[in-house]
Amino acid sequence: MLYKSLGSSNEFVNFEVALKKGLADDGSLFFPKKIKKLDHKFIQNLENYSDLDIAYKVIKPFIGSTISEINLKKILNNTIDFDFPLIELEKNLFTLELFNGPTLAFKDVGARFMANCLDHFSNINSRYNTVLVATSGDTGAAVGNGFLNSKFTKVVILYPKNKVSEFQELQLTSFGNNITALRINGNFDKCQDIVKKAFIDKDLKKKFNLTSANSINVARWLPQTIYYFFALKKLKKLKKHNVAFSVPSGNFGNICAGIISMKLGLPISHFIASTNANDTVPRYMQSKIYKPLKTVETISNAMDVSNPSNFIRILEVFENFENLKKNFSSYSFNDIETLDAVKEIFDKENYVLDPHGAIGYLGIKKYMSLNKCSTGVFLETAHPIKFSELIEKKLNTKLTQPIQGKNLSSKKKIFYELETYNDFKKFMLEKPI
Ligand SMILES: *Cc1c(COP(=O)(O)O)cnc(C)c1O
């Protein structure tokens, strides 16, 4: 399969090139040139396939011949070696837990897949890479973990000072070895601006093979299609049909991957993009006017995005507004509603949501109250321990530490604190990272 640019140029590249470049020459996102439906017998018999076989069948067309079958299976095996439990919270309402990976957020799947693929290609060409990643909390940890101890790739994480939780900061700053953390005196947008500038900086490009690891990169974005197949496999076993998915959305990469799974033939009746107060897309669905406002800070910080990069990919799939509206809804919820939902589910079901999952829950509840759909699933995208200060206070209870977080509090934070682009550039050119 080839990837095309969603901009005006006629650039077509294979998976390897799309992965290494991140963006097309015209600055636009890459998108599969053609998405063919998978064999319907495979989809009808999903419950008879192993998770690894499902992952391989789903991902193979996007990779084409750039990676051999044996190597792709190895990569997928490394990517999905943890559980994706589907839990029925209320009758016909399920949560799909995506946070059981090494860094306790759903981004582990995309980040590990990308890291494994990049290392695979680098090994063949003996190419050394430097991944720059701006993070509002979860991406940096997932990408750092994915590339930790890589022989070919160094990672530089930029995160905003005082805007990530204590747990997240410990994760970001304690990797060591080939992972460097930069604490930026500013907000997430500033981190992202520095990364964007770096990619067009001639001096930096001379010294490094720079690669971005945000969800604009097809290698981080597409593997997320897999867990929608895993969920449907489980729902089929339970004889549940007519399924709608609510996805807590920030940059809209995860939900767009779900939409791709529908395009591949997976029977999903509707997608709900649930957002926090950054409500550009919910407003767009009402008014047809796409007008990002200034980003506002919320307690679901991984979704504090006002101009979601992947929305253009969703528009590309659905082609026109009517078709979009038929398959896709979007609702926004504020911090008070979010925390109240955390409390409500804890009191009723003894289940602890994180703020992102709580928004997903609110989205599916709202959709199911307005529409007919027999089965609702919302994605739980982060482990609540990542936001323990907030959650423990609201619920007046102590959360159990998962094994992934057990030794974290004894680790030492190591980071450099920087402020401007010039600080950053000087750092990159002078320090041995
Ligand atoms: C990144 C993130 C999101 C948003 O995902 P997008 O693909 O950017 O829409 C939601 N929840 C959590 C916990 C995240 O880390």
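One structure accompanies this document, and this report is about it. (Residues numbered from 1 in each chain as written. Predicted model: local features only at pLDDT ≥ 70, side-chain atom pairs only at ≥ 80, totals over all residues. Heavy atoms only, no water.)

### A short note on the overall build of the chain
Thought 1: Within the chain one finds 19 helices and 14 strands.
Thought 2: Its C-alpha atoms give the chain a radius of gyration of 21 Å, near enough to 22 Å, the size a compact globule of 433 residues would have.
Thought 3: Along the first, second and third principal axes, the C-alpha atoms of the chain reach 60 × 50 × 45 Å.
Thought 4: Considering the chain as a whole, with its 433 residues, one finds that 59% of them fall into the buried category.
Thought 5: Taking the intrachain contacts of the chain between residues at least 6 apart in sequence as the baseline, contacts between residues at least 24 apart amount to 74%. (Helix = DSSP H or I, 4+ residues; strand = E, 2+ residues; numbered from the N terminus. Rg over C-alpha atoms; globule rule 2.2 N^0.38 Å. Buried < 20%, exposed > 50% of the residue type's maximum accessible area, 1.4 Å probe, protein only. Contact = heavy atoms within 4.5 Å.)

### Quick notes on the sheet that holds strand S14 (residues 416-418)
Across a sheet, paired strands are connected by hydrogen bonds in the backbone, their directions being either parallel or antiparallel.
Thought 1: Taken in spatial order, the five strands of this open sheet run S9-S6-S7-S8-S14, and their pairing is parallel. Two strands lie at the open edges of the sheet, namely strand S9 (210-212) and S14, each paired on one side alone. On average, adjacent strands in this sheet sit at an angle of 30° to one another, irrespective of strand direction.
Thought 2: Bridging between strand S7 (residues 153-160) and strand S8 (residues 179-184) involves six bridges; their strand directions are parallel. Each residue of the ladder has a partner; that of Tyr 159, found in S8, is Arg 183.
Thought 3: In this fold helix H19 (residues 421-430) packs onto strand S6 (129-134), S7, S8 and S14, with an angle of close to 140° to the strand it touches most, S14. (Pairing = 2+ DSSP bridges. Axes fitted to C-alpha atoms, helices over the stretch in contact; angles between N-to-C directions.)

### Considerations on the packing of helix H16 (residues 335-349) against helix H17 (residues 355-370)
Thought 1: In contact at an axis separation of 9 Å, H16 and H17 are set at 85° when each is read in the N-to-C sense. Taken together, H16 and H17 sit at an angle that is classed as roughly perpendicular. In contact with Glu 337, Thr 338, Ala 341, Val 342, Glu 344, Ile 345 and Lys 348 of H16, H17 contributes Pro 355, Ala 358, Ile 359, Tyr 361 and Leu 362.
Thought 2: Class assignment of the residues belonging to the contact of H16 with H17 gives a composition of eight nonpolar, one polar and three charged. (Parallel < 35°, antiparallel > 145°, perpendicular 65-115°, else oblique. Nonpolar A, V, L, I, M, F, W, Y, C, P; charged D, E, K, R; others polar.)

### Remarks on helix H3 (residues 51-63)
Thought 1: The end-to-end C-alpha distance of H3 is 18 Å, a good match for the 18 Å that 13 residues give at a rise of 1.5 Å each.
Thought 2: Its maximal kink placed at Lys 57, H3 deviates by approximately 25°, while the proline Pro 61 follows within four residues.
Thought 3: All of the buried residues in H3 are Ile 54, Ala 55, Tyr 56, Val 58, Ile 59, Phe 62 and Ile 63.
Thought 4: Gly 64 sits one or two residues past H3 and shows a positive phi near 60°. (Expected span 1.5 Å × (residues − 1). Bend = angle between axes of the 7 residues up to and from the residue.)

### Some points on the site of the ligand
Thought 1: As a matter of local geometry, the ligand sits amid 15 residues, with Lys 107, Asp 138, Gly 250, Asn 251 and Thr 381 nearest to it.
Thought 2: Here an oxygen atom of the ligand sits 2.5 Å away from a polar atom, N or O, in the side chain of Asp 138.
Thought 3: Contacts to the ligand include Asn 254, whose backbone N or O atom sits 2.9 Å from an oxygen atom.
Thought 4: In terms of residue class, the shell around the ligand is made up of six nonpolar, seven polar and two charged. (Near = heavy atom within 4 Å. Polar contact = N/O pair within 3.5 Å; in protein donor to acceptor, adjacent residues only side chain to side chain.)

### Topic: the pattern of salt bridges
Thought 1: For the structure on display, the rule yields 23 salt bridges.
Thought 2: Glu 69 is paired through a salt bridge with Lys 73; the nearest N and O atoms lie 2.9 Å apart. Of this pair, Glu 69 and Lys 73 both sit in helix H4 (residues 69-79), four residues apart, which is roughly one turn of the helix.
Thought 3: For Lys 73, a relative accessible area of 26% gives the class partly exposed.
Thought 4: Salt bridges sharing partners connect three or more residues here, namely Lys 161, Glu 166, Glu 169, Arg 183, Lys 413 and Glu 417. (Salt bridge = Lys/Arg side-chain N within 4 Å of Asp/Glu carboxyl O.)

### Remarks on unusual backbone geometry
Thought 1: Look at Asn 149: it is not a glycine, yet its phi comes out positive at around 70°.
Thought 2: Structurally, Asn 149 is set in the loop between helix H6 (138-147) and S7.
Thought 3: For Asn 149, a relative accessible area of 51% translates into the label exposed.
Thought 4: At Asn 350, a residue that is not glycine, the phi angle is positive and equals roughly 55°.
Thought 5: Structurally, Asn 350 is set in the loop between H16 and H17.
Thought 6: In this structure Asn 350 comes out as exposed when scored by relative accessible area, which is 61%.

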